[in-house]
Amino acid sequence: MFLFLLAPLFCLGEKLPRVGDLKTEVLSYKSASGETAEYQTGTFYVKENRKNQNSRVIGIGFSRFPSTNSKAPPIFFLPGGPGSSFLDSVPPRLHRSGGPLLAEELLGRCDLVFVDQRGYSKRGSMLDDRAFEQGVVRPDATLEDRVVEFKRFSREVVERYGKTDVDLRGYSVLECVEDVNELRQLLGYEKIILRGQSFGSQWSFGLMRKYPETVERALLTGIEPLNNGYDMPSHVFNAIRRIWKSIDEDPRFKPYLPPGGMEFAAETVIKRLETDPIKIYSKGKPKPVRIIVPDDFPWRDPTAILELYHGQLKRWESPRTLRVLPRTLLQPLIDSSLGTTEKRRWKLWNDPATRYLSRSNFAPLLATAEIWPSPDVGDDFRIPVRCEVPVVFVNGDWDTKTPVENMYEIAPYFPNGRQVVVHRAGHGTMKLSTKEQHPEFIERLVKFLKTGQIRGLPASVTVRPYQTFRSPDFDL
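The model shown is predicted, which means the values in this text are computed figures rather than measured ones. The residue numbering used here restarts from 1 in each chain and proceeds along that chain's sequence as written. Under the rules for a predicted model, residues below a pLDDT of 70 receive no local features and side-chain atom pairs below 80 are neither given nor counted, while totals for whole chains, interfaces and linings still include all residues. To obtain the side-chain values, all non-hydrogen atoms of the structure were included, while hydrogens and water were left out.

Draft legend 1. Quick peek at the packing of aromatic side chains. Pairing of aromatic rings covers Phe, Tyr and Trp, the last through its six-membered ring, and needs centres within 6.5 Å; plane angles under 30 degrees mean stacked, over 60 mean edge-to-face, and all others mean tilted. Going through the model one piece at a time under the given rule, you end up with 18 aromatic pairs. Between Phe-44 and Phe-62, the ring centres sit 6.1 Å apart and the planes meet at 65°, which makes this aromatic pair edge-to-face. With Phe-44 in strand 3 (residues 36–47) and Phe-62 in strand 4 (residues 57–65), this residue pair connects regions lying 18 residues apart in the sequence. Residues Phe-44 and Phe-62 agree in their burial class; the two are buried. Strands are runs of DSSP state E lasting at least two residues, helices are runs of H or I lasting at least four, and both sets are numbered from the N terminus onward. Working definition: with a 1.4 Å probe on protein chains only, accessible area under 20% of the residue-type maximum means buried, over 50% means exposed, and in between means partly exposed.

Draft legend 2. How the structure looks around the pattern of salt bridges. Basic side-chain nitrogens of Lys or Arg form a salt bridge, by our definition, when they fall within 4 Å of a carboxyl oxygen of Asp or Glu. In this structure the tally under the stated criterion is 28 salt bridges. Close ionic contact of Glu-342 with Arg-345 constitutes a salt bridge, the shortest N to O distance being 3.7 Å. Highlighted residues: Glu-342 and Arg-345, both in helix 10 (residues 342–350), separated by three residues, approximately one helical turn. Overall, the relative accessible area of 58% leaves Glu-342 in the exposed class. The structure contains a network of salt bridges with shared partners spanning Arg-50, Arg-118, Glu-175, Asp-179 and Glu-182.

Draft legend 3. View of the sheet that holds strand 5 (residues 75–78). Spatial ordering of the open sheet is given by 2-3-4-6-5-9-10-14-15-16, a layout of ten strands whose pairing is mixed. The open sheet is flanked by strand 2 (22–30) and strand 16 (460–462), the only strands paired with a single partner. Within this sheet the neighbouring strands show an average axis-to-axis angle of 20°, counted without direction. As paired strands, strand 9 (residues 192–197) and strand 10 (residues 215–221) are joined by six bridges and run parallel to one another. The partner of Leu-194 across the bridge, within strand 10, is Ala-218. Those strands touched by helix 4 (residues 173–186) are strand 2, strand 3, strand 4, strand 5, strand 6 (112–115) and strand 9, and its axis lies near 125° from that of strand 3. When DSSP finds two or more bridges between a pair of strands, those strands are recorded as paired. Simply put, an axis is a line fit to the C-alpha atoms, just over the touching stretch for a helix, and the angle between two N-to-C directions goes from 0 to 180 degrees. Contacts are assigned to residue pairs with any non-hydrogen atoms lying within 4.5 Å of each other.

Draft legend 4. How the structure looks around the layout of surface pockets. Definitions used for this entry: grid spacing 1 Å over protein atoms alone; cavity, a set of points where a 1.4 Å probe fits but cannot get out; pocket, an open set with protein on both sides within 12 Å along at least 5 of 7 lines; lining residue, one with an atom within 4 Å of a point. Grid points are joined across faces, edges and corners, and a volume is the space filled by probe spheres set on the points. Volume-wise, the second largest pocket comes out at about 490 Å³. Together, 25 residues line the second largest pocket, and Asn-227, Arg-382, Ile-383, Pro-384 and Ile-410 are the ones closest to its centre. Breaking the lining of the second largest pocket down by element, the ones donating at least two residues are helix 5 (199–210), helix 10, helix 13 (379–382) and helix 14 (404–410). Three classes are used: nonpolar for Ala, Val, Leu, Ile, Met, Phe, Trp, Tyr, Cys and Pro, charged for Asp, Glu, Lys and Arg, and polar for all others, with Gly counted as polar. Class assignment of the residues belonging to the lining of the second largest pocket gives a composition of 14 nonpolar, four polar and seven charged.

Structure follows, in structure tokens:
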């Protein structure tokens, strides 16, 4: 069963929107100090596919929180994903949710604009295509099986959308870039400041690539350059090895660790799986309910690695379920459109760390890039060039979603930038724990966004580990 949803733009009888229309309402919220303030929320309308003269018009939601006395350009908050929105967590819910990163600290100190992504906006249009099914249960399912199933799903979805008025060619980061630029003009801003996290940072790189003259400065976290949509396995593995070093020092794990620590245990498990995959049998059944192969290596879970090392297989006794469907349709559309250069594609495929991490992070999308109709952005757009926009980059060195090496790669192209490593932080480098432990660092970031001042920013900060791992509890 599939859910196929396109949120209506206007009610029947209402005038259909046109490109450039802005539909807003003024609401109010109470600040943390109890004062009442107003903000504007609404929808702006753009072409779904700007290369198609007869393209339909879609809506994109946004919210704007004005400041009465700031002379700084507005700060545009760009969410991650693809397939994410900030509008459910901004005021009046900001103080309950924690909100987008740094939003609470900046509220009232300068104009804040929160922008939805095309195709993922409750105040505009939604592409929602999820399959509600049990998955494919097979004890011998492999990465190749996952690729085959994702190809089937991709072709089926594209064929079905082809019978509607939805133009999937319009869902790329290039169109997202134009959306922000059009909203900037509609709101009357000459320049803007960017605050992007994860895909929001990639979106920001796109804006600085195409419209650098409109960007005053940027603060980016969870760094994802335009050519790094698929993370290099060895870079992710570097973050994992840093995490493993902390496991080696954890007294809860010491009784279960071999003399060589987590790295030795992991290498031993991988060698075993490569030589002889583990077959798991259920009582009374002649065939295995599951076969553990190298693609199953649980690199995210140190305890699971140690269980395999010590032959503890209880957690693996349930049949394997092959699930390949994306969380949101926007993700494969935008990611396959971003793609990567041939040189990086070769490096990804032949990276030695795929031995531990497999190719599951990129193989399905690489295999279906030609199926999804969103156009490839091209190497001229992907490959970084020198940019004079002042940018502060912040990345956790335990980040396994956008590894810190992404920051090291892209930062040299921004001579007016600054890098900050947050030791032991993950993908959410600016979570509440960081705010609590380093309020002066947070205030310096706020000052940079307001004034552009970089002086005083540290090269690194250390936080409590962003993740605590369950410890083994089996008898040796």
